[in-house]
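Below, each chain spelled out in residue letters.
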Protein chains: 2
Amino acid sequence: MKRHPERGTYDRATIDVILDEALICHVGFVHDEHPYVIPTIHARDGDTLYLHGSPGSRMLRNLAQGIDLCVTATLLDGLVLARSVYHHSMNYRSVVVLGRAREVTDREEKLRAMERVVEHVVPGRWADARQPSEGELKGTTILAVSLDEASAKLRTGGPSDDEADLDLPVWAGVIPLALVPAAPAADNDERVPSYAERYRRPNGSATLDAE
Amino acid sequence: MKRHPERGTYDRATIDVILDEALICHVGFVHDEHPYVIPTIHARDGDTLYLHGSPGSRMLRNLAQGIDLCVTATLLDGLVLARSVYHHSMNYRSVVVLGRAREVTDREEKLRAMERVVEHVVPGRWADARQPSEGELKGTTILAVSLDEASAKLRTGGPSDDEADLDLPVWAGVIPLALVPAAPAADNDERVPSYAERYRRPNGSATLDAE
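Residues numbered from 1 in each chain as written. Chains lettered and ligands numbered in written order. Predicted model: local features only at pLDDT ≥ 70, side-chain atom pairs only at ≥ 80, totals over all residues. Heavy atoms only, no water.

**A short note on helix α3 (residues 107–121) of chain B**
All names here are of chain B. End to end, α3 covers 22 Å across 15 residues, agreeing with the expected 21 Å (1.5 Å per residue, within 8%). If you check which residues of α3 are buried, you get Lys 110, Ala 113, Met 114, Val 117, Val 118, His 120 and Val 121. For α3, the buried positions fall inside an angular range of 160° around the axis, keeping them on one side. If you check the start of α3, you find a side-chain oxygen 3.3 Å away from the backbone N of Glu 108, and it comes from Asp 106. (Helix = DSSP H or I, 4+ residues; strand = E, 2+ residues; numbered from the N terminus. Expected span 1.5 Å × (residues − 1). Buried < 20%, exposed > 50% of the residue type's maximum accessible area, 1.4 Å probe, protein only. Arc of directions from axis to C-beta. Polar contact = N/O pair within 3.5 Å; in protein donor to acceptor, adjacent residues only side chain to side chain.)

**Details of a negative patch on the surface**
Together, Asp 32 and Glu 33 of chain A together with Asp 32 and Glu 33 of chain B line one region of the surface with negative charge. In this fold, Asp 32 of chain B is placed in the loop between β2 (24–31) and β3 (34–45). (Patch = residues over 30% accessible without salt bridge, like charges linked within 9 Å, V, L, I, M, F, W, Y side chains within 5 Å. Areas by Shrake-Rupley, 256 points an atom, 1.4 Å probe, with all protein chains shown as cover. Salt bridge = Lys/Arg side-chain N within 4 Å of Asp/Glu carboxyl O. Lys, Arg positive; Asp, Glu negative; His and termini not counted. Charge placed at Lys NZ, Arg CZ, Asp CG, Glu CD.)

**A look at the environment of Arg 83 of chain B**
The residue Arg 83 of chain B is located in the loop between β5 (68–81) and β6 (89–100) in this model. Along the chain, Arg 83 of chain B and Asp 161 of chain B lie 78 residues apart, while their C-alpha atoms are 6.4 Å from each other. When sequence neighbours within four positions are dropped, the list of residues in contact with Arg 83 of chain B reads Arg 125, Ala 129, Arg 130, Asp 187 and Asn 188 of chain A together with Pro 159, Asp 161, Asp 165, Leu 166, Leu 168, Val 170 and Ala 172 of chain B. (Contact = heavy atoms within 4.5 Å.)

**Observations concerning the relation of the copies chain B and chain A**
When chain B is brought onto chain A, the operation consists of a screw motion whose angular component is 180° and whose axial shift is 0.0 Å, with 0.0 Å RMSD remaining. The superposition of one copy onto the other is thereby described by a two-fold rotation axis. By C-alpha distance to the rotation axis, the residue of chain B lying nearest is Leu 179 of chain B, at 2.2 Å. Comparing interface residues between copies, 100% of those in chain B also sit at the interface in chain A, which points to an isologous, same-surface contact. (Least-squares fit on C-alpha atoms with pLDDT ≥ 70 in both.)

**Observations concerning the pairing of strand β5 (residues 68–81) of chain A**
All names here are of chain A. In terms of burial, β5 is largely enclosed, as 14 of its 14 residues are buried. In the sheet, strand β2 (residues 24–31) pairs with β5 via four bridges, with the strands oriented antiparallel. In the strand pairing of β5, Gly 28 is matched with Cys 70. Relative to strand β6 (residues 89–100), β5 is paired through twelve bridges, and the arrangement is antiparallel. Counted as the bridge partner of Val 71 is Val 97 from β6. When β5 meets strand β10 (residues 173–181), the two strands line up antiparallel, connected through four bridges. Among the inter-strand pairings, Gly 78 is bridged to a residue of β10, identified as Pro 176. (Pairing = 2+ DSSP bridges.)

From the geometry alone we can't say anything about function, so treat these as descriptive.
Shown next as structure tokens:
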């Protein structure tokens, strides 16, 4: 479990699992020489990462011009409690995507990207909800970013204490963390669909230790 | 519940609750005119936000020079399922801090900041673990950012469907989400401390609806 506590990778399968599990990402860009970082909803479709927003967003207007951006998605998998303060850490999986955005203007690609976004967040939902009108399509901005320049970084496993500290009488270990749903709060009397009643995120961290 | 689904605020109490609940933040900066966004561990101490890292980190070396940064912390509180695709949303609370970092070089401030970071993540842990050596203190980089330019943005409540959609036979509501711990995985046979066995994040979202 401790063989490779922290590592970076360009492995696309690893990158895809992280992007698909993460519900939001943080998008960074430069405006008037200042950096800005904004939480955003995304979805992956093959080699493309879609970002979703409203045309009123200053960020999306800036990004739609094709300026450089950095999209980072991070999953927190656990708190690592070491015997020494110094070796305390977190288990996490993150992806960083560098590139430039292209605004999606083709109607079919836009509709498909919107479907990917909804299905990314709540698989099974798209077909149940009222489909977008032409006005709503125009009222949605979708940006596309290539995954060509994507990398992942992750930490797994237990604490990496110094040899000299191993016998200290201090509990050490990992507190696993996961984003967990509570019971849905209904806004109407319709029957709760199973994708809402038994909502679960995919959990790629469960497979990491087996690598 | 639907009176103010989305709003921004400069209210420091709101900002503090979000920064204190979030376990990580995303730090954005500009390097060679390109934006970068890196997940980072933070802690707040009064009006100061501390960022924690290793001196080997390119990000921290850049930031320590006092360049502009943007620190964003986001908590995901729920998925909002509307009757229409268009009004699907997420409940969240986020803070954006703009400023420049100052590297903490004073030994006492650095030690105190390290304590704040550990206690921010696992309250009660600092006193139990082996304290940092002088070498470990030197091997840690702490940056300080003022909270002078901080703002929060949040969405609460149920879906905001169009009047015309309210009678559609589509379930609508919110799936609440929270970062929840599983049972600790021990690395030694010491007794599991209560802060690890019954680990919980503070949950500021629980108080939002009462505002």
